[in-house]
Amino acid sequence: MKERENFGSRFAVIMAFAGSAIGLGNIWRFPYMVGENGGAAFIIIYLLSSFFLSLPIFLSESVIGRRSHSNTFGAMEMLAPGTKWKWLGLLTVVSPLVILSFYSVVGGWSLVYLFKACSTGFTDSSMEEVSKVFGNVISSVWPPLIFHTLFLLICAVIIFFGVKSGIEKFSKITMPLLFVLIVLIMIYSVNLPGAGAGVTYLVKPDFSKITASVVAAAVGQSFFSLSLGVGTILTYSSYVRKDENILVSGIGTASLDLLFAILAGFAIMPAVFAAGIKPEAGPGLIFQTLPYIFSKMGEHLPVLSASVAVLFFITILVAALTSAISMFEVGVAYLVEERKFSRPAATAVVFSLTWVLGIFCSLSFGPLKNFHIFGNTIFSFCDKLTSNFLMTFGGLLFTIFVGWKMPRRDVRDEITSGGRSSLGVHTFNFVYFLIKYLAPAAIVLIFISNLIL
Ligand code: TRP
């Protein structure tokens, strides 16, 4: 049998994980979630949740993936043979495909805007016009479909090349670039006239805004941002070598993800305020406010504005791609290892399934906008089904599996990399406590509050 591929170095591991974590969740979702949920107070809960809830789930997936060196389904069959846990393995093959199908539609929008930035640029002088353009783009039939297809095709090409020459290489080159780009955009943004109010909004907490639904939103956002609960982290961890410290790579990933979200917040919110736009604009925030800002800037500094616009949409595109491939890989790993597909065939199958579901997601802004599932359009149904339900449910089951089903000494063995890392007893006990008690209890609470809300 062909030997299973592994990531080549610690740097490669962290870049691949960070590539999965840092994506539209940070650039597109985080700013509008902050906007809708009360600014800095939301960020504080988000921060706490990232380290005390999300990190334990991340580690649980890492423990399972690295222990089994297998895809999500194979991992369950190996660690709990012949039990119902295999359903968790199967569920987590399906959920990333659902996420990928709507994610790819937004990835497609960013391609549309990148082409616009490179060709005509942004010249609409009023916010109404910009919003109208966005509305026209997403509700039309062909451009979003063509670009959704193109986006998925790029993912398929990267995945086709495999773990080392595809995922690892792409992440190692693009992730550092991404940080450079976002810092450049941030510098530009905080220097816009009137940007101060946006900075204040991000740093000054208003604790009166914190309600149960804000807490649930912050926790949900931190799960989404770290790609938890649907087997992406499990699958990537299965490519991590035995001597790699998964605690360090987990903390490294969570920190980079958080840093990037904050940088993205500072790149976007000051510009939003500078343009006099309401921060609660929702999912269209970056696609509506930024073109407006670029066109305003273009009146005085056309070259600078055009270049920042191009940089910005490249940033979004690259961030989206490195995340999308991590969802893509889950299904491919399953098909190759469990169903004995060749890698190209598995890539083609995952491409086709997400492509078709993505078409429906895309059309749900136009011709299918009146088609509702439980009161949601297809796009928002897929989004809510995964973010509010499948991810939390998956995350809960992964922590229960590691905390209650796996022998404690196996968990310790993984977290200390077979005793190679010098982790104090107290540190391990604390991490184990988070995995076994705190994270599952908190997820159940969030779940209940989501149901009630
Ligand atoms: N975390 C990514 C982002 O912030 C998105 C993502 C990748 C994801 N894999 C995932 C989200 C798995 C949920 C589940 O954009």
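So, here's what we can say about the structure. (Residues numbered from 1 in each chain as written. Predicted model: local features only at pLDDT ≥ 70, side-chain atom pairs only at ≥ 80, totals over all residues. Heavy atoms only, no water.)

### A few points about the overall build of the protein
Condition: Working definition: helices are DSSP H or I runs of at least four residues, strands are E runs of at least two. Numbering for both runs from the N terminus. In this treatment the radius of gyration is a C-alpha quantity, and the globule benchmark scales as 2.2 Å times the residue count to the 0.38 power. Accessible area is worked out with a 1.4 Å probe on protein chains only. A residue is then buried under 20% of its type maximum, exposed over 50%, and partly exposed in between. Only heavy atoms matter for contacts: two residues are in contact if any of them lie within 4.5 Å across the pair. In these tables, accessible area is a Shrake-Rupley quantity obtained with a 1.4 Å probe, and a residue counts as shielded only by the protein chains included in the view. His is not counted here, nor are the chain ends, while Lys and Arg score as positive and Asp and Glu score as negative. By convention, the point assigned to a charge is CZ for Arg, NZ for Lys, CD for Glu and CG for Asp.
Within the protein one finds 18 helices and 0 strands. Relative to a compact globule of 453 residues, whose C-alpha radius of gyration would be 22 Å, the protein shows 21 Å and is just as compact. By the burial criterion, 59% of the 453 residues in the protein qualify as buried. Residue pairs in contact within the protein that sit at least 24 positions apart in sequence constitute 83% of those at least 6 positions apart. On the protein, roughly 17400 Å² of surface is accessible, and the fraction owed to carbon and sulfur atoms is 70%. Within the protein, the 22 negative side-chain charges are centred at a point lying 5 Å from the centre of the 30 positive side-chain charges.

### Looking at the site of the ligand
The cut-off we apply is this: Only a single heavy atom is needed: when it lies within 4 Å of a molecule or strand, its residue is near that molecule or strand. All amino acids are sorted into three groups, where Ala, Val, Leu, Ile, Met, Phe, Trp, Tyr, Cys and Pro are nonpolar, Asp, Glu, Lys and Arg are charged, and the leftover types, Gly among them, are polar.
Ala21, Gly25, Tyr103, Phe224 and Ser227 are the nearest of the 17 residues found near the ligand. Notes on the ligand: free accessible area 360 Å², of which the protein chains cover 100%. Contributing elements (two or more residues each) for the shell around the ligand: α1 (10-21), α2 (24-36), α5 (85-118), α10 (212-225) and α14 (302-338). The residue makeup of the shell around the ligand, split by class, is 8 nonpolar, 9 polar and no charged.

### Some remarks on the environment of Ala324
Counting through the fold element by element, Ala324 comes out in helix α14. Along the chain, Ala324 and Gly107 lie 217 residues apart, while their C-alpha atoms are 8.8 Å from each other.

### A closer look at the side chain of Thr253
You can see Thr253 is positioned in helix α12 (residues 246-274). Thr253 sits in the buried class, given a relative accessible area of 0%. Not counting the four nearest positions on each side in its chain, Thr253 is found in contact with Ile14, Phe17, Ala18, Ala21, Phe58 and Leu226.

### Concerning the pattern of salt bridges
For clarity, the threshold we go by: For salt bridges, the criterion is a side-chain nitrogen of Lys or Arg within 4 Å of an Asp or Glu carboxyl oxygen.
All told, the structure shown has 13 salt bridges when counted by the stated rule. One salt bridge in this structure joins Arg4 and Glu337, with 2.8 Å as the shortest N-O distance. Within this pair, whereas Arg4 is found in the segment before α1, its partner Glu337 is found in helix α14, the two being separated by 333 residues in sequence. Here Asp243 makes a salt bridge to Arg241, at a shortest N to O gap of 3.5 Å. Bridged by salt links that share partners, the residues Arg66, Arg67, Lys242, Arg409, Asp410, Asp413 and Glu414 form one connected network.

Honestly, it's all geometry; don't read function into it.
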